[in-house]
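Report on the structure
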Amino acid sequence: MSILTLASGSSIRATLLRNAGIDFDVKIARIDEEMIRLSLEAEGATPRDIADALAEHKAAKIANKQPEALVLGCDQLLECEGQIFAKPQNPADAMAQLQALRGKTHRLHTAAVLYAQGQPVWRHVATPRLTMRDFSEAFVKDYVAQNWEEIRHCVGCYQIEGAGIRLFSKIEGDIFAIQGLPLLELLTILTRRKDIPG
């Protein structure tokens, strides 16, 4: 029996958990992320708080159906110069986003919320800072064309574990958080709660 339910369809988060030796299953939480995000933005919520709220909504959605389960909800928001960036809709959108981020430093708010017995028991938001280099138009066009299938589900249109690392001149923060999951903090709380041996 799995010790953890991941309320996310992210293959990268699943890989991180699998590589860490965590026994888990996946139940994708279907929520209207855009509606929640726009509503919270209208109320003046910070990008960090929006990422946290979205992660909690996902965990709560699954925990309400399976209150006995230990459920992990996650979300990421990219913030640059006060603007929030979502996952790209199409290759043209990906190119526009990357051009807007080119030569600038942005923040990636990576939130995780853990539910047990139908209640939130732990939450964490990591905020790495990433600086994109001033790449050429030809490079970004070629990058999107070659990597669209991999980056279409990624906020910021990059995967630093792949060709996306070539977009950057500087990265500050936890590599796992950039990939979508504050893994070290999660493992710490799971060990402390005795959900996993340690």
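Along each chain, residues carry numbers from 1 onward, in the same order as the chain's sequence is written. Confidence filtering applies because this is a predicted model: local features only for residues at pLDDT of at least 70, side-chain atom pairs given and counted only at 80 or more, and all residues used for totals across whole chains, interfaces and linings. The side-chain values count all of the structure's non-hydrogen atoms but skip hydrogen atoms and water molecules.

- Per an unreviewed UniProt entry, the protein chain goes by Nucleoside triphosphate pyrophosphatase and derives from Pararhodobacter oceanensis.
- UniProt positions are given in the numbering used here, feature names are shortened, and annotations may be inferred rather than shown by experiment. According to UniProt, the comment filed for the protein chain under the heading Sequence similarities (unreviewed entry) is "Belongs to the Maf family."
- Word for word, the UniProt comment on the protein chain under Cofactor (unreviewed entry) is "a divalent metal cation".

**So, the overall build of the protein chain**
- Summing up its helical and strand segments, the protein chain has seven helices and eight strands in all.
- Two things to know: the radius of gyration comes from C-alpha atoms, and the globule rule equals 2.2 Å times the number of residues to the power 0.38. Whereas a compact globule of 198 residues would reach a radius of gyration of roughly 16 Å, the protein chain reaches 17 Å, a difference of no more than 12%.
- Each principal axis of the C-alpha distribution contributes one length, and for the protein chain these read about 50 × 35 × 25 Å.
- Each of the 198 residues in the protein chain was classed as buried or not, and the buried ones make up 48%.
- Contact between two residues is taken to exist if any of their heavy atoms lie within 4.5 Å; hydrogens are not considered. Sequence separation of at least 24 residues holds for 66% of the intrachain contacts in the protein chain that already meet a minimum separation of 6.
- Areas reported here follow the Shrake-Rupley algorithm with a probe of radius 1.4 Å; residue values treat only the protein chains shown as occluding. Carbon and sulfur atoms provide 49% of the accessible area of the protein chain, an area that totals close to 9800 Å².
- None of His or the chain ends enter the tally, which takes Lys and Arg as positive and Asp and Glu as negative. To locate a charge, take NZ of a lysine, CZ of an arginine, CG of an aspartate or CD of a glutamate. Taking the average location of the 23 positive side-chain charges in the protein chain and that of its 25 negative ones, the two points are 2 Å from each other. Put simply, DSSP marks the helices as runs of H or I at least four residues long and the strands as runs of E at least two long, and each gets a number from the N terminus on. Think of it in three bands: with a 1.4 Å probe and only protein chains considered, a residue is buried below 20% of the maximum accessible area for its type, exposed above 50%, and partly exposed in between.

**Section: the UniProt feature "active site" (unreviewed entry) in the protein chain**
- When the UniProt feature table is mapped to this numbering, "active site" (unreviewed entry) covers Asp75.
- For Asp75, a relative accessible area of 4% gives the class buried.

**Topic: the packing of helix α2 (residues 33–42) against helix α3 (residues 47–65)**
- Running from N to C, α2 and α3 cross one another at 140°; their axes reach a closest spacing of 10 Å. Our classification of the angle between α2 and α3 gives oblique. Crossing of α2 over α3 shows right-handed handedness. Facing Glu33, Ile36, Arg37, Leu40 and Glu41 of α2, the residues of α3 in contact are Ile50, Ala53, Leu54, His57 and Lys58. A fitted line through C-alpha atoms serves as each axis, taken over the contacting stretch for helices, and the angle formed by two N-to-C directions is quoted from 0 to 180°. If an angle is under 35 degrees, it is roughly parallel; if it is over 145, roughly antiparallel; if it lies from 65 to 115, roughly perpendicular; otherwise it is oblique. By the definition used in this description, the sense in which the near helix is turned from the far one sets the handedness, with an anticlockwise turn below a right angle giving left-handed and a clockwise turn giving right-handed.

**So, the nonpolar core**
- By size, the foremost hydrophobic cluster in this structure holds 23 residues, and its most contacted members are Leu78, Leu98, Met132, Tyr143, Tyr158 and Leu167.
- Elements that contribute at least two residues to this core include exactly β3 (71–80), α4 (91–101), β7 (129–132) and α5 (137–151).
- Counting residues per element, this core draws most heavily on α5, which supplies six residues.
- Contact partners of Met132, with chain neighbours within four places excluded, come to Leu98, Leu101, Arg102, Gly103, Lys104, His106, Gly156, Tyr158, Leu167, Phe168 and Ser169. What is meant by a nonpolar core is a set of buried Ala, Val, Leu, Ile, Met, Phe, Trp, Tyr and Cys residues, joined one to another through side-chain atoms within 4.5 Å.

**Quick word on the pairing of β7**
- Should DSSP find at least two bridges between two strands, the strands are regarded as paired. Bridge count for strand β5 (residues 105–116) against β7 is three bridges, and the pairing is antiparallel. Within β7, the position partnered with Thr105 by the bridge is Thr131.
- Here four bridges tie β7 to strand β8 (residues 168–172), and the two strands are oriented antiparallel to one another. Residue pairing for β8: Leu130 is matched across the bridge by Ile171.

**A word on helix α1 (residues 11–19)**
- Residues of α1 that are buried include every one of Ile12, Arg13, Ala14, Leu16 and Leu17, and no others.
- Each element contacted by the buried residues of α1 is listed here: β1 (4–6), β2 (24–26), β3, α6 (175–179) and α7 (183–192).
- In the segment just after α1, Gly21 is the residue with positive phi, at about 80°.

**Considering the environment of Leu4**
- Along the chain, Leu4 turns up in strand β1.
- Judged by its relative accessible area of 1%, Leu4 falls in the buried class.
- Spatially, the C-alpha atoms of Leu4 and Leu186 are 11 Å apart, while their sequence positions differ by 182 residues.
- Here Leu4 is in contact with Leu17, Ile22, Asp23, Phe24, Asp25, Leu70, Val71, Leu72 and Leu114, once residues within four sequence places are set aside.

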